[in-house]
Structures are given as structure tokens and as C-alpha cells.
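# Structural features, examined
Letter by letter, the chains look like this.
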Amino acid sequence: MLRLFAYAGALLVALVTLALATRTAAQAVLALVVGAAAATALLFLQRHRPRQQGAVTVAGLRAPVVIRRDRHGTPHITAQNWHDLFLAQGYIAARDRLWQMEMARRTAAGRLAEVHGEPSLARDRLMRTLGLQRLAGQALAACPPDVRACLEAYAAGVNAFIAEGRLPPEFAVARLRPEPWRAEDSVAVGKLLALEFTSPLSGALVRAQVAQVAGPEAAAALWGDAGPDLAPFPTLADLCDVAACSPQTVAGGAAWAVGPDRAAAGFPLSGCILETAPVAPSPLHPVVLSGPGGARLEGVALAGLPGLMAGRSSQFAWGLAPSGTEGADLVTEPPDGPAPQQFDAPIRVRGRAEPVAHTVAETETGPVLAEGPAGRLVLRCPVLRPAAEAAVLVSLCQAHGYADFRAALSGWTAPGLAAVYAGTDGTVARLETGPVLQEEVNPPGGVAVACPSRYAARRIREVLEARADWNLERMAPLAADEVSLQARLLLQPLLQAMQEGLRQGLHNESLSKLEKQALLLLSDWQQDEPAGSGAACLWEQWYFNLVEDAFRPRMGLTLFNRFVAARGGLEAADRLLLRTLSGEENPWLTLEGDLGLPRVALRAFRRAVAYLAARQGHRPEAWAWGREHRVRFRHSLSQALPALAPLVDQGPYPLGGGPATVNRSGPDPAGVNGVHTATTYRRLDDLGPPGDSAAILAPGAGSHPLDPAGADHVAPWLRGELAPIATGSGGVELRLVPPSSPS
């Protein structure tokens, strides 16, 4: 962010020097204008910078609270009771992430168009139809009084910060004043997390649309089920793009633990990673909470939610991950069935004088996505029930052991979430949510893994089972592991298929000199995908071309892009390719002919070599995956004012890993050299004394444009490093005091 002032300063010096050298009045005036603009921008940002230290009077506090920042910018909050601890967390979350909180609650409520105008109208329509805000109100009313008190305390802390008036600069740029935060808003953000974490809608829509475009047999070959016929609902295709929008919360992750028998010190170790959109500031918020009775929690929260998503207490550590369980179905209901409940939900749109009419319809099954003479298309999704996922996170933080943890997690009744637990008493467990909580305690082999990607899950288990002397230092590389088991499984069969493709040509064919040189990259490749790897670059481009050539002709470009972006799309393609390589023909690929897999694999390889040669030169040994696979952290200021992007965004940076590695990134088929999501948070915990932990969040813990902690973790994150958790002692101190307390 400070690049803005560096550029302005450099330009100012250049103009002043030129003006003095040429004695030209125009340059002098321009230098004054640039200097004034830079000074105005600096003054504007400084005016919107919250207080860093001293005492702040906060209504609702019962006792003083101390907040210190460590060297990484992580806040350490110390309070005397749970009420004040969650109130202070709400205050500091608003201070660091209020814009992210605002966008998350507006996403959940279907109110983004009030800020962004027409481009957000379609997404608002979908979210109004899903009804997360209505469900949040019902869930809050059913919360236990103690949990509701924590949610309300958090909201009071958020509102205390809003009342101070020094809002993040994004609000001034967007000309927006936030409404008071409510406990219901936190519950709605929790519902949004459950929806985006398990991503039930986009996969169901894509599956049904593939059946519509390519035929039911083609869809069944990919997923085993074609889904309902969408032909009577032609307008539903647009929902696929809306459902695949960049996540506001968390898009995925993985968690694991090893038991005492696999640890060097005889105590469990655990790890977790979380996948988000690459944005700055992150929707994740690292925090350390110290409360009554010696309670100490450290980890990462989601902006807008009290408690922690992942982290550790003095008794245990935990991580959350999607379980990979299908959580939604599209159901057709006859037109003569029970009439749905309907109500109006007008949407205000910036730039329009009148609200846009929108009607929500619900049946006993779920929300109606489309309706026509043939009936209704209804979404059946367990997430769309009045459960308070936010309350689960609060209860997890107050647990004292495995029994409490299990009881708290049972409140997350929708399938799709998995948790890994590791306790100081040696307990290791994997739990999976649903109507009935499933658990595996102290699994045979002493390894627990939760990960929706079968390749990444297999890789994590493979690494953990390979030794029995784990400690944090030895486990750290796993959190950023870039080995592709997909490549290990598919590379040799595809190379053989490509050779068969040469033999199946009309004439005797052979690879060109450049293609043979490129092929040498794969000869001794260990299937790792660091940013500097030429082999990884060739493999990923070849594999994407193969998937594109196999599926895009029948899907079309738009649907193919939706298929690749949807969770489970590429894994469905993998399964079909493996069956084809084993000799099974299907509606997409045959074994012979110009459209058979051997010829398709050959054309995809040749296209990959030609593409990379055009972009990176004719020396394959100089190719690098990071020149094609890059991450840009888009700042929230540039989202509010796109013209600022060159100055405030971070990157693009070369990125290792890929869609099938532990260090996962989600492809953006419509983008250029970019990723849709990235594994931005990594954490490891040792449950033995002294209880060491290490973590990293990209791009950093800070939030304000003038805060150096906003980007200080990008370089070590790209290198796969972790940072030890700092103590917070000696840091800048901010004290929150009740109105009656002397400051």
C-alpha cells in the first residue's frame, strides 16, 4: 500500500528536479499538484486510522480489557470474563476487518447491490431466495441464553468501534455508513460460512446443466447421477455463475493430527490450512484470547464471528475442513403440488430510484429457484435450516476437553463439515457433522485427516504415516506441500496414451524436436510443483488442455468454465479419465479414433508445448510454473474503486502448488494467470509442553493501508514458512475501560 506514496514521492522529486533544471513553470506547478495530492491522500488515510494505544471508554464492559499487538500485528486480548472477552473481540474485529464484515453480512442478506449497484443484483436475488438472513433470525431466537449473550456482547463491541467514527477508508470511498451490527448478523455470516465452506449449490447446478447440454448419460458418466432436467427452466443457467462467485468467507481447507505414538515428544501434533479468495485484508483474523479461569485461545477467527475457526486452547487444538459430502440436491416438484409460501423482498440498487421487485417462494423442501408450467425447481439443502453455526464456534472455544468439543460440534447439524481434534491427554479424533455426528476417536495408525480433495487427503496421510518422530519443525513442510498425487497417478498412463496416439495417426507421426525436449522435463520429475518447476508447468498446462479438449466441445466455453470452477468438477473429470485409461469407454471419450483419448492426449500435449514456447520461449528447461500460476491479493480499496488497483493490490506473485496439492489453489479459467482461491492460512500445534505453535496468514494480519503488518507475511508465505506465535508482551497497549472506570 505504501507504494502509492513511494511512487508519488519519486514523481515529485523528478518533477522538482526537472523544474529546477529547465526553470519551467509548468513542471513546478505539476510538482505542486502531485505533492498536494500525495499529502491529501496521506492525510485522508491517517484520518481514517483507528487509535493505536491509550484508553478507550466502551459502554457495556464490566471490567477493563487490555489489548496488545505482537510484532506480526496479531491482537492479544485479555479480559476478566467471557462477556468482556467477546465484546473486546468484536471491537478489535471491527477495527481490523469492518469492511470485510460489512461485505459478508451484505452478501448473506442479499444487499450488495446497495453498495455495488447492478453488477451485484443477480447475486442479491440468489441470496434473498436462499434466505440466510431469515434463517439467522430464527436460529438466534433458539440459541441458549449464554451463547446468545456472547453473540450480543460481540455485536456491542463492533458497535462501540463504529460509534467512534474513525471507519476504514473503504467506507468513505464507497460513501457508506455502516448500520449497527446485530447478533443476527453474526449468525447470518455463520450461515454464509456453512454455505461457502461446503459449496453445495454450484456443483448441483453444474451437474444439472451438463445433463441438459450434453445429455443425461454424459452427466451420469461424470457424477453417477444426471440430476433433474433443467430444460423447463432455461433461466437457471445464469445461477451457475452467481453460485461460483468468489467466496466472502472460507472456500475450503484441510486438517490433520497425529497421536502420541507418532510424535517425538509423546504428545499429539495437529495442523490445519484454510483456503480463501486472495484478498487484502483477509477475511480471516488472527487473534489471541485470554479469559477467565486461565482460559487462553489462539488461532484464527472469521471476521464477523466471535470465537475461533481453528486454533488451540490450553487443553486441545482443532481444525475445520469440508468433508466432501454432497450437501444439496435439486428437486422438481409438480405444478399441482402444495402452493409455496411467497413474500416480497424488494432489492435496493445503487443508481436506481426505485427498488427492484423480487419475490421469494419456499416449499417444505426448500427455496424455489425457478418455476414454470412444468413445475418448480427446488433446492434441498441442509444448510438452509435455522441452525446457528456461529453459536457452535463460540461453544468450541469454551470447551474443556473432547466431550465438550464433541457436544459443541453436534450443534452443526448440516452435513459437509469435518473437524480434527488433538488433546493434551493424547486423544486424537476426526468428526463429521450431519443429523448424527460421526466420529473416529484414536484411529488405528494414529493419524486423523479431514480434507475434501482425495489427492491432498491421500498425500497428507502418506506423509504422516511415513514416520513416528514428528515435531513442529518436521511437520512444517507438509502445511505447504506441493507434491501432486494426481500427476503421480495419471502421468505415466497419459504418456503411454500419447504414444498410442502417435501410432493411431493417419501417417507415421513423431514428436518435433521442441516437443521431445519438453518431454525430457517429465522424465525424472518427482511430481512436485514449486513455482520454478518447468515440469510442473508442462504437466498442468497439458492436463488442463486435455480436460478442455475432452469436455469443452460438448459443454461449450461458458459451461466448461463453470465445470472447472465448481467444487468437484476437476475430480469428476479425473475419475472419468482414469476409467477411460483402464479401458472403459464412455460418452465423452473412446479408446480409438480421432476423438479417442490417445489422440486427444497427443493434441493436448502439442498444444501445451506450443503455448508455453510462445509465452516463455523455446528453451523448455527455462520454463517455470510460477510464470503461469500467479496470485494477486486484491485490496478492498480497489474493489471499491478499481482505478486504485495498480497502486494498492499486491502481486501478482509466482505461486507453487495447484488444484490437486495440499498447498491448494483454485483455478480461475476465465482469468489470466490468476487463481480464484489460495491456501492463505497455515497452522501447526504441538500439544506437549511448552505447547509451541506456528502459523502464517497471507498477506498479513494488518488491515489499514498504512499498517506495515498488512503485507509482511507475503514473502515467507510464498516460501512455505511459518511464524512462531508471539507472546504480545511489550507491544503497543490499548485499554478498553467501562464508563465508570478511571482511564
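Given the structure is predicted, the values throughout are model-derived calculations rather than measurements.

## Examining the sheet that holds strand β20 (residues 630–635)
Two pairing modes exist for strands in a sheet, parallel and antiparallel, and in both the strands are linked by backbone hydrogen bonds. Spatially, the 3 strands line up as an open sheet ordered β6-β20-β21, and their pairing is mixed. In the strand order of this sheet, the two ends are held by β6 (279–280) and β21 (650–654), each with one partner. Two elements, β20 and β21, share 3 bridges in a ladder whose sense is antiparallel. Bridging from a neighbouring strand, phenylalanine 633 pairs with glutamine 650 of β21.

## Looking at the packing of helix α19 (residues 534–555) against helix α20 (residues 557–565)
Where α19 meets α20, the axes come as close as 8 Å, and the angle between the chain directions of the two elements is 130°. By the criterion of interaxial angle, the relationship of α19 to α20 is oblique. In terms of crossing hand, the pair formed by α19 and α20 is right-handed. Of the residues in α20, those touching α19 at Phe544, Val547, Glu548, Phe551, Arg552 and Met555 are Leu557, Leu559, Phe560, Phe563 and Val564. Across the contact of α19 with α20, the residue classes break down as 9 nonpolar, no polar and 2 charged.

## Focus on the pattern of salt bridges
Think of it this way: side chains of opposite charge can pair up when their charged atoms draw near. Here the structure, examined in full by the defined rule, presents 47 salt bridges. One salt bridge in this structure joins glutamate 118 and arginine 352, with 2.4 Å as the shortest N-O distance. Pair noted here: glutamate 118 is in the loop between α4 (113–116) and α5 (121–130) and arginine 352 is in the loop between β12 (341–344) and β13 (359–362), with a separation of 234 residues, a long-range link. Under the relative-accessibility criterion, glutamate 118 is labelled partly exposed at 39%. Arginine 352 sits in the partly exposed class, given a relative accessible area of 42%. Put simply, arginine 148 and glutamate 152 hold a salt bridge, and the shortest N to O gap is 3.1 Å. In this pair, arginine 148 and glutamate 152 both sit in helix α7 (residues 145–164), 4 residues apart, roughly one turn of the helix. You can call arginine 148 partly exposed: its relative accessible area is 31%. One network of salt bridges, with partners in common, ties together Glu102, Arg105, Arg106, Arg111, Glu114, Glu179, Arg182, Glu184, Asp185 and Arg348.

## Topic: the environment of glutamate 592
Relative to the assigned elements, glutamate 592 resides in the loop between α21 (569–581) and α22 (597–616). For the pair glutamate 592 and glutamine 504, spaced 88 residues apart in the sequence, the C-alpha separation amounts to 7.6 Å.

## As for the sheet that holds strand β14 (residues 368–372)
Read from one edge of the open sheet, 3 strands run β11-β15-β14, paired in antiparallel fashion. Edge positions in the sheet fall to β11 (329–333) and β14, since each of these pairs with one other strand and no more. Adjacent strand axes in the sheet meet at a mean angle of 20° when their direction is disregarded. Relative to strand β15 (residues 375–380), β11 runs antiparallel, the two being bridged by 5 bridges. Directly across from glutamate 333, in β15, lies its bridge partner arginine 376.

## What about helix α17 (residues 485–503)?
An ideal rise of 1.5 Å per residue puts 27 Å on 19 residues; α17 measures up with 28 Å between its terminal C-alpha atoms. Along its length, α17 shows its largest kink, about 35°, at leucine 491, and proline proline 493 lies within four residues downstream of that point.

## Describing the pairing of strand β26 (residues 733–737)
The sheet contact formed by strand β1 (residues 54–57) and β26 spans 4 bridges and is parallel. Looking at β26, one finds that valine 56 is bridged to leucine 736. Both strand β2 (residues 65–69) and β26 contribute to a ladder of 4 bridges, which runs antiparallel. Considered in β26, the bridge of arginine 68 is made with glutamate 733.

Calculation criteria
Residues numbered from 1 in each chain as written. Predicted model: local features only at pLDDT ≥ 70, side-chain atom pairs only at ≥ 80, totals over all residues. Heavy atoms only, no water. Pairing = 2+ DSSP bridges. Helix = DSSP H or I, 4+ residues; strand = E, 2+ residues; numbered from the N terminus. Axes fitted to C-alpha atoms, helices over the stretch in contact; angles between N-to-C directions. Parallel < 35°, antiparallel > 145°, perpendicular 65-115°, else oblique. Left-handed = near helix turned anticlockwise from the far one by under 90°. Contact = heavy atoms within 4.5 Å. Nonpolar A, V, L, I, M, F, W, Y, C, P; charged D, E, K, R; others polar. Salt bridge = Lys/Arg side-chain N within 4 Å of Asp/Glu carboxyl O. Buried < 20%, exposed > 50% of the residue type's maximum accessible area, 1.4 Å probe, protein only. Expected span 1.5 Å × (residues − 1). Bend = angle between axes of the 7 residues up to and from the residue.

So, to be careful, I would describe these as geometric facts and stop short of saying anything about function.
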